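A look at the structure
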Amino acid sequence: MPVALIALAIAAFGIGTTEFVIMGLLPEVATDLGVSVPTAGLLISGYALGVVVGAPLLTALGSKVPRKTVLTGLMVLFIAGNVVSAIAPGYGLLMTGRVIAALSHGAFFGVGSVVAASLVPKSRQASAIAIMFTGLTVANVLGVPGGTALGQHLGWRSTFWAVAVLGVIALLGVVALVPRQPVTEGQSLRSELAVFRRPQVWLALAMTALGFGGVFASFTYIAPMMTGVAGFSPGAVTWLLVLFGGGLVVGNLLGGKAADRALMPSLYVILAALAVVLVAFVFTAHAQLPAAVTIALFGAAGFATVPPLQARVMAKAGDAPALASAANIAAFNLGNAGGAWLGGLAIGHGLGYTAPNWIGAVLAAAGLGVALVSGALDRRPATRTQPEIPAVHR
């Protein structure tokens, strides 16, 4: 394994921690800044919006800059955003810090995926992407619970200081370990934008938004589902989330290995498995042991989609993968927001806390439908010559 992947994974760990840890610190933030918990919750929405905007924008601005330089600049931006959050005297500046940090999120994962793929032979590129995203999955297992505990004991600002330190470590790792890659000949913003004229790129983005929308339709409401339906105590939710996080780590690595062997067949199987697990969750949520087992399987199936979805959009972008890769990160976040909204809509209409599982299953099945269409187009003679992930400068 190239050591540069470790630097990318550490950066992903910090980014994942700062994205999700705010969920566990909302009461402390709200009390300290004198705002309501729902108002504090908008810090999550603000971050997501920053990811959606920043992913394509910053990637496009860096299209003529060496990728190592882009990654370095993005980590500086990430550190700055967390420092601003840590010192923010009021809600407005805290929101500003969150958005600044979020701007680096999508672009880093987009460009980082391309860099990770460039470090290994083509037959291992999805696994390399999975190793980088392992940092994000481990953030859910260790970073978020640890950051929440730190913030609850030493104040929420200490969490953002800790994440800023992680950012510094990741920055030093990128500078020291990631090889410098010259700008690909002929690469420009125009060539990056041109990939969006390809229907297969849009189908890949749709797969991502629908598939991950299915994950977040259910996951967003996992706490009330487990306490209100399965009968777990509120204190047990933390351990259930650790169980879910363990599933994320396993699923991410297995998804990468499967995608290296057969990309589209892997996507068919994983999306189908996700839909089946979510349908089962409607019924297993009513008993504690089956619910706990299903949560682990849900995490594994949900994050097994990430490496193949990212590899697919890069493959269909051909010789200009960076912007499409970043756009795919934005699609993940659009799926997160859309799935959470649809799940909340179902609960709001009195369908109960298990209803989001049905919503998630339908979204995952829709993602599978798009994947089948995309795969069928691959088999048409006119599309067989479409370039895959190119050989990149090392």
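Criteria and thresholds
Residues numbered from 1 in each chain as written. Predicted model: local features only at pLDDT ≥ 70, side-chain atom pairs only at ≥ 80, totals over all residues. Heavy atoms only, no water. UniProt positions renumbered as here; feature names shortened; annotations may be inferred. Axes fitted to C-alpha atoms, helices over the stretch in contact; angles between N-to-C directions. Helix = DSSP H or I, 4+ residues; strand = E, 2+ residues; numbered from the N terminus. Parallel < 35°, antiparallel > 145°, perpendicular 65-115°, else oblique. Left-handed = near helix turned anticlockwise from the far one by under 90°. Contact = heavy atoms within 4.5 Å. Nonpolar A, V, L, I, M, F, W, Y, C, P; charged D, E, K, R; others polar. 1 Å grid on protein atoms, 1.4 Å probe; cavity = no way out; pocket = protein on both sides within 12 Å on 5 of 7 lines; lining within 4 Å. Points joined across faces, edges and corners; volume = space filled by probe spheres on them. Domains from an automatic or database assignment. Salt bridge = Lys/Arg side-chain N within 4 Å of Asp/Glu carboxyl O. Buried < 20%, exposed > 50% of the residue type's maximum accessible area, 1.4 Å probe, protein only. Polar contact = N/O pair within 3.5 Å; in protein donor to acceptor, adjacent residues only side chain to side chain. Phe/Tyr/Trp six-rings, centres within 6.5 Å; stacked < 30°, edge-to-face > 60°.

For the protein chain, the name recorded in an unreviewed UniProt entry is DHA1 family inner membrane transport protein, with Amycolatopsis thermoflava as its organism. Its UniProt record gives the protein chain the following Subcellular location (unreviewed entry) comment, quoted word for word: "Cell membrane".

A look at the packing of helix H5 (residues 91–118) against helix H6 (residues 125–154)
Across the interface, H5 lies against H6 with an axial gap of 8 Å and an inter-helix angle of 135°. With respect to H6, the element H5 is oriented oblique. In this structure, H5 meets H6 at a crossing whose hand is right-handed. Residues Phe109, Gly112, Ser113, Ala116 and Ala117 of H5 form the contact with H6, whose participating residues are Gln125, Ala128, Ile129, Met132, Phe133 and Leu136. The residue inventory of the contact of H5 with H6, partitioned by class, reads eight nonpolar, three polar and no charged.

Some words on the layout of surface pockets
Empty space within the largest pocket amounts to approximately 1,100 Å³. Taken together, 38 residues form the lining of the largest pocket, with Phe20, Met23, Ile44, Phe216 and Phe219 sitting closest to its centre. By residue number, the principal contributor to the lining of the largest pocket is helix H3 (residues 37–61), which donates ten residues. Residue classes in the lining of the largest pocket are distributed as 27 nonpolar, ten polar and one charged.

Description of empty space enclosed by the protein
Applying the stated rule across the entire model yields three cavities of 30 Å³ or more. Taken as a whole, the largest cavity holds about 230 Å³ of empty space. Lining the largest cavity are 19 residues, and of these Phe20, Leu136, Phe212, Phe303 and Asn336 sit closest to its centre. At the level of elements, helix H1 (4–20), H5, H6, helix H9 (199–219), helix H11 (236–261) and helix H15 (321–348) are the ones that each hand at least two residues to the lining of the largest cavity. When residues are assigned to domains, the lining of the largest cavity turns out to be shared by domain 1 (1–186) and domain 2 (187–379), each giving three or more.

Quick word on the pattern of salt bridges
Taken as a whole and judged by the stated rule, the model has three salt bridges. Of the charged contacts in the structure, one is a salt bridge between Arg312 and Asp378, with a shortest N-O distance of 2.9 Å. With Arg312 in helix H14 (residues 306–317) and Asp378 in helix H16 (residues 355–378), the pair connects residues that are 66 residues apart, well separated along the chain. Classification of Arg312 as buried rests on a relative accessible area of 3%.

Quick look at the domain arrangement of the protein chain
On domain assignment, one finds that the protein chain holds domain 1 (1–186) and domain 2 (187–379). Taken together, domain 1 and domain 2 are joined by zero salt bridges. Between domain 1 and domain 2 we count four residue pairs in polar contact (both at pLDDT 80 or more) in total. Broken down by secondary-structure element, the contributors of at least two residues to the side of domain 1 that touches domain 2 are H1, H3, H5 and H6. Looking at the side of domain 1 that touches domain 2, the element that brings in the most residues is H6, giving 13 residues. Partitioning the side of domain 1 that touches domain 2 into residue classes produces 20 nonpolar, 14 polar and six charged.

As for the packing of aromatic side chains
Summed over all chains, the structure comprises ten aromatic pairs. Centre to centre, the rings of Phe216 and Phe219 are 5.7 Å apart; their planes meet at 80°, and the pair counts as edge-to-face. Here Phe216 pairs with Phe219, and both are found in helix H9, just three residues apart, close to one helical turn. Taking the relative accessible area as the measure of exposure, Phe219 reaches 16% and is therefore buried. On the basis of an interplanar angle of 50° and a centroid distance of 6.1 Å, the ring pair of Phe281 and Phe298 is categorised as tilted.

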